[in-house]
Amino acid sequence: MMLDAPLPGKNLMLAACRGDVHKDHPLLHSAKELAELHERRLCACREQTDEIDNERARLVREIDHWVCVHLPPSLGAARVHTETIGAVVDRLGQFTACAFAALASGSKGELGDAWERLAELAIGYEDLKDEVSVGRRRLPGGP
């Protein structure tokens, strides 16, 4: 299945991390699940974090496999990125969970830092999405 725009934009991805999946897309569903796992991880005991981390790793692998199947090959001179799309989506989920935890804690300094990290990563995701989609950037482990 080849989609017109295979990778969702940052706004859809951020909405999915908040639990709002507005479009039926496997990466959005995975982003939602990853954010939920990170939220659970914030207050989990050691035994639970191992299980959560295993589930996160599975979702990251699924995202990376989906990306390999659905994106065009990169150009010969494309520079390699330091992370896979799955790893970036996992961090979007983590930063979303941390931002909402900071919101709940009421610490203004922590809240500002958390939202700034999330916003910067969302912009980085959008740039990576655009570059990978046209073959100007390649992902680690890819051709």
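Our structure's up above, just so we're on the same page.
Under the 1.5 Å per step criterion, the end-to-end length of helix H4 (residues 85-105) is 30 Å for 21 residues, consistent within 8% with the ideal 30 Å. The complete set of buried residues in H4 reads Ile-85, Gly-86, Val-88, Val-89, Asp-90, Leu-92, Gly-93, Phe-95, Thr-96, Ala-97, Ala-99 and Ala-102. The inward-facing, buried residues of H4 contact helix H1 (10-17), helix H2 (26-41), helix H3 (46-70) and helix H5 (108-133). Among the residues trailing H4, Gly-106 stands out with phi positive, at a value near 80°.

The next subject is the nonpolar core. The tendency in soluble globular proteins is for nonpolar side chains to be buried as a group. The biggest cluster of nonpolar side chains holds 32 residues, and the ones touching the most others in it are Val-67, Ile-85 and Leu-92. If you list the elements that add at least two residues to this core, you get H1, H2, H3, H4 and H5. Excluding anything up to four places from it in sequence, Ile-85 contacts Leu-7, Leu-27, Ile-63, Asp-64, Val-67, Tyr-125, Leu-128 and Leu-139.

What follows is about a nonpolar patch on the surface. A grouping of Phe-100, Leu-103 and Trp-115 is seen on the molecular surface, where their side chains present a nonpolar patch of about 270 Å² in accessible area. Inspection of the secondary structure assignment puts Trp-115 in helix H5. By relative accessible area, Trp-115 is classed as partly exposed at 32%.

Here the focus is the packing of aromatic side chains. Considering all chains together, one arrives at one aromatic pair under this definition. Summarising the aromatic geometry, the rings of Phe-100 and Trp-115 are spaced 5.4 Å apart at their centres and angled 75° between planes, so their arrangement reads as edge-to-face. Placement of Phe-100 in helix H4 and of Trp-115 in helix H5 is noted, with a sequence separation of 15 residues between them. For Phe-100, a relative accessible area of 35% gives the class partly exposed. Sitting above the plane of the Phe-95 ring, Arg-117 keeps its charged end 5.8 Å from the centroid.

Its 26 residues place the ends of H5 37 Å apart at the C-alpha level, agreeing with the 38 Å of an ideal helix rising 1.5 Å per residue. Structurally, H5 contributes buried residues whose contacts are with H1, H4 and strand E2 (137-138). Just past H5, the residue Gly-135 takes up positive phi, approximately 85°.

Let us now look at the packing of H3 against H4. It is at 7 Å that the axes of H3 and H4 come closest, and there the two elements cross at 135°. The pairing of H3 with H4 is recorded here as oblique in orientation. Crossing of H3 over H4 shows right-handed handedness. In this structure, H3 uses Arg-56, Val-60, Ile-63, Asp-64 and Val-67 to contact H4, whose residues at the interface are Ile-85, Gly-86, Ala-87, Val-89 and Asp-90. Residue composition of the contact of H3 with H4, grouped by class: six nonpolar, one polar and three charged.

Mapped onto the elements, Ser-74 comes out in the loop between H3 and strand E1 (79-80). By relative accessible area, Ser-74 is classed as partly exposed at 22%. Separated by 59 residues in the primary sequence, Ser-74 and Ser-133 place their C-alpha atoms 8.4 Å from one another.

Thresholds, definitions, all that
- Numbers given for residues are sequential positions, taken from 1 along each chain in its written order.
- For this predicted model, a pLDDT threshold of at least 70 governs which residues receive local features, and a threshold of 80 or more governs which side-chain atom pairs are given and counted, while totals over whole chains, interfaces and linings are taken from all residues.
- Note that the side-chain values use all heavy atoms of the structure and ignore hydrogens as well as water.
- A helix here means a DSSP run of H or I that spans at least four residues, while a strand means a run of E at least two residues long, and both kinds are numbered starting from the N terminus.
- A helix is expected to span 1.5 Å for every residue after the first.
- The cut-offs for exposure are 20% and 50% of the maximum accessible area for each residue type, with area from a 1.4 Å probe on protein chains only; residues under the lower value are buried, those over the upper are exposed, and the others partly exposed.
- Whether two residues touch is decided by their heavy atoms; if any such pair falls within 4.5 Å, the residues are in contact.
- Put simply, buried Ala, Val, Leu, Ile, Met, Phe, Trp, Tyr and Cys residues joined by side-chain atoms within 4.5 Å make one nonpolar core.
- Grouping into patches uses exposed residues only, defined as over 30% relative accessible area, and leaves out salt-bridged ones; the cut-off is 9 Å for like charges and 5 Å for nonpolar side chains (Val, Leu, Ile, Met, Phe, Trp, Tyr).
- All accessible areas in this document rest on Shrake-Rupley with a 1.4 Å probe, and a residue is counted as covered only by the protein chains that are shown.
- The term salt bridge refers to a pairing of a side-chain nitrogen on Lys or Arg with a carboxyl oxygen on Asp or Glu at a separation within 4 Å.
- Here is the rule: rings of Phe, Tyr and Trp (six-membered ring for Trp) pair when centre to centre is within 6.5 Å. Planes less than 30 degrees apart are stacked, more than 60 are edge-to-face, and the remainder are tilted.
- In this scheme, Lys NZ or Arg CZ marks a charge over a ring once it lies within 6 Å of the ring centre and within 35 degrees of the ring normal.
- Orientation is described by lines fitted to C-alpha atoms, with helices fitted over the stretch in contact, and by angles between N-to-C directions that extend from 0 to 180 degrees.
- Relative orientations are named as follows: roughly parallel for angles under 35 degrees, roughly antiparallel for angles over 145 degrees, roughly perpendicular for angles from 65 to 115 degrees, and oblique for any other angle.
- If you view the pair so one helix is near and one far, a crossing is left-handed when the near helix is turned anticlockwise from the far one by less than a right angle, and right-handed when it is turned clockwise.
- Charged means Asp, Glu, Lys or Arg here, nonpolar means Ala, Val, Leu, Ile, Met, Phe, Trp, Tyr, Cys or Pro, and polar covers whatever is left, Gly included.

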